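Remarks on the overall topology
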Amino acid sequence: NILITFAQYEREVITERVRDKMAASRMKGKWVGGSVTLGYKVVDKKLTVVPEEAEVIRKIFQRFIEIQSPKLIAHELNSAGVKTKQGKIWDGPHIYRILNNHTYIGEVKYKGVVCKGEQDAILAPEIWNRTRDILANNNPCEDRSRNQEIVAPLRSILRCGHCRCGMMPIYSRKNGRKYYYYLCVKDSKRARPTCPVHQIPAGDIEGIVK
């Protein structure tokens, strides 16, 4: 039991040392591993700009300044046959992650602290700052907090039969009247709706369940 206790203690000490070392490296702007974002590749343990991918990043930021619609940008990229770093199709949330990635301005963000990074910047400072201004003035993510006010008996229960994901309660307003629906979560994030279910009237499905 004593040997087991000391072994566990040693493992915890090693884990803590590794964590501290990685944190110190991040604070120095070093790349310490993990997924490589679009626009870069790893060469000699450092992030190096990939010119072709960097052009895609610049286009995303420029188009956001012009149209301020991540979903439309994602649709344009998908239509042009451009894939993500992982070879997948684009959606709105992925575009938002790109727009908020400090890596593209030559910085590293770690636990809320922004430091100068070792990698070369892809974006000009004025493009990055203009994007920040737009994101600050607009709400980048739809506020779903109002969903808590919706009486939805099938919340966290109803699932989309096509996409195999949950369906969240939403409502729209027309002529002063509210219309309630259950919306496919995955389809709501896509650049262009493709789910044949998409959304269904809450009254219809709740009436069937009852």
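Our structure's up above, just so we're on the same page.
Residues numbered from 1 in each chain as written. Predicted model: local features only at pLDDT ≥ 70, side-chain atom pairs only at ≥ 80, totals over all residues. Heavy atoms only, no water.

**Re the pattern of salt bridges**
- Under the definition given, this model contains four salt bridges.
- The residue Lys-85 makes a salt bridge to Glu-53 at a minimum N-O spacing of 2.8 Å. One end of the pair, Lys-85, is in the loop between helix 3 (70-79) and helix 4 (92-99); the other, Glu-53, is in helix 2 (residues 51-67), and 32 residues separate them in sequence.
- Between Glu-55 and Arg-58 there is a salt bridge, with the nearest N and O atoms lying 2.8 Å from each other. A residue pair is termed a helical-turn pair when its members lie 3 or 4 positions apart in one helix, as Glu-55 and Arg-58 do in helix 2 at three residues. (Salt bridge = Lys/Arg side-chain N within 4 Å of Asp/Glu carboxyl O. Helix = DSSP H or I, 4+ residues; strand = E, 2+ residues; numbered from the N terminus.)

**Side note on unusual backbone geometry**
- We note that Gln-68 has phi near 55°; this positive angle belongs to a residue other than glycine.
- On the accessibility criterion, Gln-68 (37% relative accessible area) is partly exposed.
- A positive phi angle, near 55°, is found at His-198, a position not held by glycine.
- The residue His-198 is located in the loop between helix 6 (185-189) and strand 7 (199-201) in this model. (Buried < 20%, exposed > 50% of the residue type's maximum accessible area, 1.4 Å probe, protein only.)

**Side note on the nonpolar core**
- Core analysis: the biggest nonpolar cluster contains 25 residues, and Ile-57, Ile-60, Phe-61, Trp-90, Ile-95, Leu-99 and Tyr-104 have the highest contact counts within it.
- Listing elements by their share of this core, those giving two or more residues are helix 2, helix 3, helix 4 and helix 5 (125-137).
- With seven residues, the top contributor of residues to this core is helix 2.
- In terms of nonpolar packing, the next biggest core, distinct from the first, is built from 12 residues, Ala-152, Leu-154, Met-167 and Ile-205 among them. (Core = buried A, V, L, I, M, F, W, Y, C linked by side-chain atoms within 4.5 Å.)

**Some remarks on the packing of aromatic side chains**
- Scanning the entire structure with this criterion turns up four aromatic pairs.
- Seen in terms of ring centroids, Phe-61 and Tyr-104 are 6.3 Å apart; in terms of plane orientation they differ by 75°. Their pairing is edge-to-face. Placement of the pair is Phe-61 in helix 2 and Tyr-104 in the loop between helix 4 and strand 3 (107-110), with a sequence separation of 43 residues. As far as burial versus exposure is concerned, Phe-61 and Tyr-104 are alike and both buried.
- Between the aromatic rings of Phe-61 and Trp-128, the centroid separation amounts to 6.1 Å while the plane-to-plane angle is 35°, which identifies the pairing as tilted. Of this pair, Phe-61 sits in helix 2 while Trp-128 sits in helix 5, and the two are 67 residues apart along the sequence. Grouping residues by exposure puts Phe-61 and Trp-128 together as buried.
- These aromatic residues form a ring-pair network of at least three members: Tyr-40, Phe-61, Tyr-104 and Trp-128.
- Lys-178 extends its terminal NZ or CZ atom over the ring of Tyr-171, reaching a point 4.5 Å from the ring centre. (Phe/Tyr/Trp six-rings, centres within 6.5 Å; stacked < 30°, edge-to-face > 60°. Lys NZ or Arg CZ within 6 Å of the ring centre and 35° of its normal.)

**Looking at helix 2**
- Between its first and last C-alpha atoms helix 2 spans 24 Å; for 17 residues at 1.5 Å apiece the expected length is 24 Å, and the two agree.
- Its buried side turned inward, helix 2 meets strand 1 (40-43), strand 2 (46-49), helix 3, helix 4 and helix 5.
- Following helix 2 by one or two positions, Gln-68 adopts a phi angle in the positive range, close to 55°. (Expected span 1.5 Å × (residues − 1). Contact = heavy atoms within 4.5 Å.)

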